[in-house]
Amino acid sequence: MLKAMAKDAGFLKHKRITNHLVRKLLVQKLRNANIPPTETMAITGQKNVQSITNYSNISVEQQQK
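Calculation criteria
Sequence order as written defines the numbering, with residues in each chain counted from 1. At least 70 in pLDDT is required for a residue's local features to be given in this predicted model, at least 80 for side-chain atom pairs to be given and counted, and no such filter applies to totals for whole chains, interfaces and linings, which use all residues. The basis for every side-chain value is the complete set of heavy atoms in the structure, and neither hydrogens nor water enter the calculation. Interaxial angles span 0 to 180 degrees and are taken between N-to-C directions of axes, which are lines fitted to C-alpha atoms, for helices over the stretch in contact. In this description a helix means any DSSP run of H or I spanning at least four residues, a strand means any run of E spanning at least two, and both kinds are numbered starting from the N terminus. To sort the angles, those under 35 degrees are grouped as roughly parallel, those over 145 as roughly antiparallel, those from 65 to 115 as roughly perpendicular, and the leftovers as oblique. Crossings are sorted by hand: turned counterclockwise from the far helix by less than a right angle, the near helix makes the crossing left-handed, and turned clockwise it makes it right-handed. Any two residues whose heavy atoms approach within 4.5 Å are treated as being in contact. We call a residue buried when its accessible area falls under 20% of the maximum for its residue type, exposed when it is over 50%, and partly exposed in between, using a 1.4 Å probe and counting protein chains only. For every residue, the predictor assigns a confidence score, pLDDT, that lies between 0 and 100.

Draft legend 1. Layout of the packing of helix α2 (residues 19–32) against helix α3 (residues 37–44). Between α2 and α3, the shortest axis-to-axis distance is 10 Å and the interhelical angle comes to 150 degrees. With respect to each other, α2 and α3 are oriented roughly antiparallel. In this structure, the crossing between α2 and α3 has a hand that is right-handed. Together, Arg 23, Leu 26, Val 27 and Leu 30 of α2 and Thr 40, Ile 43 and Thr 44 of α3 make up the contact between the two elements.

Draft legend 2. Structural detail: the environment of Met 5. In this fold, Met 5 is placed in helix α1 (residues 2–9). For Met 5, a relative accessible area of 47% corresponds to the partly exposed category. For Met 5 and Ile 17, which are 12 residues apart along the polypeptide, the C-alpha to C-alpha distance reads 10.0 Å.

Draft legend 3. Expanded view of the confidence of the model for the chain. This prediction gives the chain a mean pLDDT of 77; 77% of its residues lie at or above 70. Of all helices and strands in the chain, the one with the weakest mean pLDDT is helix α5 (residues 60–64) (53), whereas α3 scores best (90).

Pasting the structure below:
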C-alpha cells in the first residue's frame, strides 16, 4: 500500500520508501511552504517541536546537491 501511495505522490525517485522517509518528506514540504511548526505537528502527529526540527534540518534536494 505504501508503494502505491508513494507512486501516486511522485516519490518514485527514492529507491527505498519507508514510513520514516514519507514523514520526513512531508515535514520538509510543509516547512518549505512556510507552514507553522504547530500545524505541521498536528498534521504529522508529532508530539513536540524538536521532532519536527529533526526531520526538517536539510531537505532531500539540498542533500542531492
